[in-house]
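These are the residues of each chain, in order.
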Amino acid sequence: AVVSTQSGHYAGLDKARGVLKKITGLQSVDDEVEAIKEVIDAETEHSSHGIRHLISKIASNKPVQRAILIGCSLQCFQQLAGINTVMYYSTTMIKMAGINDDTTAIWLSCIPSFCNSLFAIVSLLIVERLPRRTLLLSTLFGTVIGLILLGGAYYGIEATVAPVNRLVDLNSPYYDPHCSAAATNCDGCVSFTKFNCSFCSTSRDSKGICMLASSKTENLNCTYYTADTCYSKYSFTIIVAMIFYIAMFATGLGTLAWTINAEIYPMWVRGYAMSLSTLTNWSFNLVIAFTFLDLSNAITKYGAFWLYAGITSVGWIFFYFKLPETRGVPLEHVEKLFEDRPR
């Protein structure tokens, strides 16, 4: 590392020259060394004046503003792509798909975590071989497709679960105005968590009744009874769509949001900008984690994932027009990248 001393000299400069010669294969690296020294001097000057001076400098520097906007947008759309609904609520999502056994659902919930780790390694292996911009845009498009497939899987499941018998005797002890009168199928019945509804039928495929979960079932032929999930022969499509979605996300936006953020800021603002982008990431993480279950109840499970797909599509359009290629650009030249190409 090259460090500026109080006397104006640069410690480690000779060693830095040697490293640069090995990396670049050039005999003379004077231009590169001078660029590094300029960056170090600017960073030292800004750090000595405090945060107010730094913010003032950012406010007057359009290229840095563009870089911060792109960096924070990467972190924002990373969360708005819905990844943590899958990671945090994977067990719940699998049970929503009709997997009623708790042990099976828990084991299946390990699949998203395994896939996320596996394809993060894939991203690590290819990130230096492909242009950042190309890799991000292609996998982000795949992420949109994955979200559409997830929504489609839930839509297909909801369309094929057992229907509710709406012709229930109003004087029946099993009749409830909220449960019996509103639901059209098993999924709609058990989704009424506010009223604690349950579904009862002679088999998991046959028409049944929607009633309060507290109702006694001794006198009913409840061969199939559920208060949280419904059977569907298409439940496996959730797992398939989930694997595809995570593969696209982890290979691209999951890792590249951090990689690109580490490359697009000049040294003098890098620490502050990285902190701001990280704050953006966790803020939207919190929003998504808090709203998913309520959102899925309000606009249906498939509606929630299609909404995430629409938001991620907006992100793809934004990055297509605004994100420059950063692969191979030295940190000391990154500010010029945004000056020359403010896309």
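Q: Before we go on, may I ask you to explain the overall build of the chain in this structure?
A: On a plain count of helices and strands, the chain comes out with 16 helices and five strands. Burial analysis of the chain (343 residues in total) assigns 43% to the buried set. Contacts spanning at least 24 positions in sequence make up 70% of the contacts within the chain whose residues lie at least 6 apart. Carbon together with sulfur atoms contributes 61% to the accessible area of the chain, which is approximately 17,500 Å² in total.

Q: When you look at the nonpolar core in this model, what are you seeing that I'm missing?
A: Proteins that are soluble and globular tend to have nonpolar side chains buried together. Counting residues in each nonpolar core, the largest one holds 71 residues, and the members touching the most others are Met93, Tyr245 and Phe305. For this core, the element with the highest residue contribution is helix H9 (residues 132-160), accounting for 10 residues. In contact with Tyr245, other than residues within four places in its own chain, are Ala81, Gly82, Ile83, Val86, Thr143, Gly146, Leu147 and Leu150.

Q: Before we go on, may I ask you to explain the packing of aromatic side chains in this structure?
A: For any pair of aromatic rings, geometry is given as the distance between the ring centres together with the angle between the planes. Taken as a whole and assessed by the stated rule, the structure comprises 12 aromatic pairs. Centroid distance Tyr155 to Trp306: 6.0 Å. Interplanar angle 35°. Geometry classified as tilted. Taken together, the residues span a long stretch of sequence, with Tyr155 in helix H9 and Trp306 in helix H15 (residues 301-322) at a distance of 151 residues. Its relative accessible area of 37% is what places Trp306 among the partly exposed residues. One aromatic cluster in this structure is built from Tyr154, Phe292, Phe305 and Tyr308. Here the guanidinium or amino end of Arg133 rests over the ring plane of Tyr320, the centre of that ring lying 5.3 Å away. Here Arg204 stacks its cationic end above the ring of Tyr231, 3.8 Å away from the centre of that ring.

Q: Sorry, what's going on with the side chain of Thr312 here?
A: If you trace the backbone, Thr312 turns up in helix H15. In contact with Thr312, not counting residues within four places along its chain, are Leu80, Ala81, Leu140, Thr143, Val144 and Leu147.

Q: Explain the packing of H9 against helix H13 (residues 253-261) here, please?
A: A pair of packed helices is captured by two measures, namely the crossing angle of their axes and the spacing between those axes. Packing of H9 against H13 brings their axes to within 10 Å, and their N-to-C directions diverge by 150°. Classed by the angle they form, the pair H9 and H13 counts as roughly antiparallel. For the crossing formed where H9 meets H13, the hand is left-handed. Two secondary-structure elements touch here, H9 through Arg132, Leu135, Leu136, Thr139 and Leu140 and H13 through Leu253, Leu256, Thr259 and Ile260. Looking at the contact of H9 with H13 residue by residue, the class counts come to six nonpolar, two polar and one charged.

Q: Can you walk me through the state of the cysteines in this structure?
A: Under the criterion given, the structure shown has two disulfides. Covalent S-S linkage joins Cys189 and Cys210, the inter-sulfur distance amounting to 2.1 Å. Taking the sign of the S-S torsion, 90° for the link of Cys189 and Cys210, the bridge is right-handed. Placement of the pair is Cys189 in helix H11 (residues 186-190) and Cys210 in strand S4 (residues 208-212), with a sequence separation of 21 residues. Each member of the pair Cys189 and Cys210 is classed as buried. Unpaired in this structure, Cys72 has its nearest cysteine sulfur neighbour in Cys76, at a distance of 9.0 Å. Assessed through its relative accessible area of 14%, Cys72 is described here as buried.

Q: Please explain the pattern of salt bridges as it appears in this structure.
A: A side chain with one charge can pair with a side chain of the opposite charge if their charged atoms come near. All chains considered together, the criterion is met by three salt bridges. With a closest N to O distance of 3.3 Å, Asp187 and Lys301 form a salt bridge. Residue Asp187 is located in helix H11, and its partner Lys301 is located in helix H15; the two are separated by 114 residues in the primary sequence. Each of the two residues, Asp187 as well as Lys301, counts as buried. Residues participating in the shared-partner salt-bridge network are Glu128, Arg132 and Glu263.

How each quantity is defined
- Residues numbered from 1 in each chain as written.
- Predicted model: local features only at pLDDT ≥ 70, side-chain atom pairs only at ≥ 80, totals over all residues.
- Heavy atoms only, no water.
- Helix = DSSP H or I, 4+ residues; strand = E, 2+ residues; numbered from the N terminus.
- Buried < 20%, exposed > 50% of the residue type's maximum accessible area, 1.4 Å probe, protein only.
- Contact = heavy atoms within 4.5 Å.
- Areas by Shrake-Rupley, 256 points an atom, 1.4 Å probe, with all protein chains shown as cover.
- Core = buried A, V, L, I, M, F, W, Y, C linked by side-chain atoms within 4.5 Å.
- Phe/Tyr/Trp six-rings, centres within 6.5 Å; stacked < 30°, edge-to-face > 60°.
- Lys NZ or Arg CZ within 6 Å of the ring centre and 35° of its normal.
- Axes fitted to C-alpha atoms, helices over the stretch in contact; angles between N-to-C directions.
- Parallel < 35°, antiparallel > 145°, perpendicular 65-115°, else oblique.
- Left-handed = near helix turned anticlockwise from the far one by under 90°.
- Nonpolar A, V, L, I, M, F, W, Y, C, P; charged D, E, K, R; others polar.
- Disulfide = S-S within 2.5 Å.
- Salt bridge = Lys/Arg side-chain N within 4 Å of Asp/Glu carboxyl O.

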